[in-house]
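# Remarks on the overall topology
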Amino acid sequence: MLKNKDRIIFHIDVNSAYLSWEAVYRLQQGETIDLREIPAVVGGDPKSRHGIVLAKSIPAKQYKIQTGETIYSALQKCKDLTIVKPTYDLYIKCSSAMMEVLKSYSPSIQRFSVDECFLDYTHMKEHFGEPEEAAHRIKEQIKNELGFTVNIGISSNKLLAKMASDLIKPDRVITLFPEEIPEKMWPLPVEELFMVGRATTPKLHKLGIYTIGNLANYDVEHIRYRLKSYGLMIWQYANGIEDSMVRAGSHMDMKGIGNSTTISFDVMDKETAHMILLSLVETVAMRLRDALCCCRLVAVSIKNSSFKSYSHQKKLFSPIDTTNELYPIVWDLFDEAWQGEPIRNLGVRVSELCSNEFYQKSLFDHEKKERYRALDTAIDALRLRYGSKSIIRAGFLHSGIKPLTGGVGADDYPMMGSIL
DNA sequence: TCTGGGGTCCTAGGACCC
DNA sequence: TCTGGGGTCCTAGGACCC
């Protein structure tokens, strides 16, 4: 029986992913300046109210520019900051190219996000040698073949491998085995521990916990009493305790599908809101069918111009997957929830997914439903063949609203969430 | 021309049933 | 007249991740 402590897990993390990928692409296009070597960020357009920093170069980091802050504020910190728009299609391609390289080193890979994954190296030693040696080979191969650098963290579980890859950047292989925890992980500020975020940090500070080591050595019952199961989890993380498997997941274990959008102006009327919701539904429903799923729960979220968010959801009697069934539900949910204030952001999310192949037909299903499904299938096929803009609803023609909104590209991948 | 968009999981409270 | 308690489902909101 293999003990957990004998596992070898790699965490591969692309350094400044979006920015690196933009830099590589631009160099390939004949650009002479490497974005990674100047103060630069990838960020949206403030005009359309998308103005936040998505990724920064290391020189930009020297100006204390942080991911998530506004472009406006970043410019205050660095007057001649270079700002480039995100191109998500490129990122999906770069991510997939990296996955192809990693697949040749282990069959057991868990994609954690577009720029991070876990690789189980446990049984690969006889093929590729000692873990550190292999990690260096992987890192160099990605650099040489794809042009960007990665960090690789090595340990006996996913949590420690992930913490390891964060220790020193960029272009590094770093180990963090259990015996190295006191020296390498405990001195770090507690907010650098995975799952300790903005809300938990001040609560821990109030308890006199400032470092990961403070948390690790705190009375576990007391922390559990104060922070419930969450407290127990982060206490275990601080002690390097975590034993989840590397799940070579597919989109089959996706829990939900959602799209949301920040509108470039404040929406003041129901009709416009309905149009935007319909364009979100088109994308959500298409992704749902693409995953061969139906959903049983539909939710609408609203963020108003004062940044207050609220949501409204409905559990369905029978699972659905067609645009024509989904949008009336979404419109109703919106009408019930909207408090009449100016709207900044709208979202649609479906969950409680099940297979669409053998879904239980309810007694109240009617033949119309079958026609809807046939229509959607035909539209999906046209969009696949001639592009997403080849067929749009007439209502969008003169609306000034995009007929399809959102999506993460053809290559949906499962995200991991709070539990490793 | 300040504040994105994609996820997962947990909790609390109320309804409802026995 | 007094006011059980357990279980499950549903909903809204908030925490965290990238």
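Residues numbered from 1 in each chain as written. Chains lettered and ligands numbered in written order. Predicted model: local features only at pLDDT ≥ 70, side-chain atom pairs only at ≥ 80, totals over all residues. Heavy atoms only, no water.

### Points about the overall build of chain A
Helix and strand counts for chain A come out as 14 helices and 12 strands. Rg of the C-alpha trace for chain A: 24 Å, near the compact-globule value of 22 Å for 420 residues, within the 12% margin. For chain A, the spread of C-alpha atoms along the three principal axes comes to 65 × 55 × 50 Å. Residues classed as buried in chain A amount to 49% of the 420 residues present. Counted over contacts in chain A with a minimum sequence separation of 6, partners at least 24 positions apart contribute 64%. Surface summary for chain A: the accessible area is close to 21,800 Å², and the carbon and sulfur share equals 55%. Averaging the positions of the 53 positive and the 52 negative side-chain charges in chain A gives two centres separated by 4 Å. (Helix = DSSP H or I, 4+ residues; strand = E, 2+ residues; numbered from the N terminus. Rg over C-alpha atoms; globule rule 2.2 N^0.38 Å. Buried < 20%, exposed > 50% of the residue type's maximum accessible area, 1.4 Å probe, protein only. Contact = heavy atoms within 4.5 Å. Areas by Shrake-Rupley, 256 points an atom, 1.4 Å probe, with all protein chains shown as cover. Lys, Arg positive; Asp, Glu negative; His and termini not counted. Charge placed at Lys NZ, Arg CZ, Asp CG, Glu CD.)

### Examining the protein's contact with DNA strand C
Near DNA strand C you find 19 residues, and of these E116, T200, H312, Q313 and K315 are the closest. When atoms of DNA strand C within 4 Å of the protein are sorted by moiety, sugar and phosphate together comprise 94%. For DNA strand C, a sugar or linking oxygen lies 2.8 Å from a polar atom in the side chain of E116. Between DNA strand C and K315, the relevant distance is 2.9 Å, taken from a phosphate oxygen to a side-chain nitrogen or oxygen of the residue. Of all the secondary-structure elements, those providing two or more residues to the surface near DNA strand C are β5 (109-113) and β11 (309-320). With five residues, β11 is the single largest residue contributor to the surface near DNA strand C. For the surface near DNA strand C, the residue count by class is eight nonpolar, six polar and five charged. (Near = heavy atom within 4 Å. Polar contact = N/O pair within 3.5 Å; in protein donor to acceptor, adjacent residues only side chain to side chain. Nonpolar A, V, L, I, M, F, W, Y, C, P; charged D, E, K, R; others polar.)

### Re the nonpolar core
Core analysis: the largest hydrophobic core is formed by 40 residues, its most contacted members being F10, M98 and F148. Among the elements of the structure, β1 (9-14), α1 (17-28), β2 (40-43), α4 (88-103), β6 (116-120), α6 (131-146) and β7 (150-155) are those that each provide at least two residues to this core. In terms of residue count, α4 provides more of this core than any other element does, seven residues in total. With residues near it in sequence (within four places) discarded, M98 still touches I12, V14, D115, C117, I142, L146, F148 and V150. I257, V300, I329 and V350 belong to the second largest nonpolar core, which has 35 residues in total. (Core = buried A, V, L, I, M, F, W, Y, C linked by side-chain atoms within 4.5 Å.)

### Points about the environment of K314
Locating K314 in the fold gives a position in strand β11. The spatial distance from the C-alpha of K314 to the C-alpha of V350 is 9.8 Å, given a sequence separation of 36 residues. In contact with K314, not counting residues within four places along its chain, are R296, L297, V298, I329 and L333.

### Digging into the sheet that holds β7
Paired through their backbone hydrogen bonds, the strands of a sheet run either parallel or antiparallel. The strand order across the open sheet formed by five strands is β5-β6-β1-β7-β8, and the pairing between neighbours is mixed. Because the sheet does not close on itself, it has two edges, and the strands there are β5 and β8 (173-175). Sheet twist, expressed as the mean angle between neighbouring strand axes with direction ignored, is 20 degrees. Across four bridges, β5 lies against β6 in antiparallel orientation. Across the sheet, Q110 pairs through a bridge with F118, a residue of β6. Strand contacts of α6: β1, β7 and β8, with the helix running at about 165 degrees to β7, the strand carrying the most contacts. Most of the contacts of helix α7 (residues 158-165) go to β7, to which it runs at about 140 degrees, and overall it touches β1, β5, β6, β7 and β8. (Pairing = 2+ DSSP bridges. Axes fitted to C-alpha atoms, helices over the stretch in contact; angles between N-to-C directions.)

### Considering the side chain of S20
On the secondary structure map, S20 appears in helix α1. Here S20 falls in the buried class, since its relative accessible area comes to 3%. In this structure, S20 is in contact with N15, R36 and F148, ignoring residues within four places of it in sequence.

### Describing the packing of helix α12 (residues 270-290) against helix α13 (residues 323-337)
One can describe the packing of α12 onto α13 by two numbers: an axis separation of 9 Å at closest approach and a directional angle of 140 degrees. By the angle between their axes, α12 is oblique relative to α13. The two elements α12 and α13 cross, and the hand of that crossing is right-handed. The residues of α13 that touch α12, namely those facing K270, A273, H274, L277, L278, V281, E282, V284, A285 and R289, are T323, L326, Y327, V330, W331, F334 and D335. A per-class count over the contact of α12 with α13 returns 11 nonpolar, two polar and four charged. (Parallel < 35°, antiparallel > 145°, perpendicular 65-115°, else oblique. Left-handed = near helix turned anticlockwise from the far one by under 90°.)

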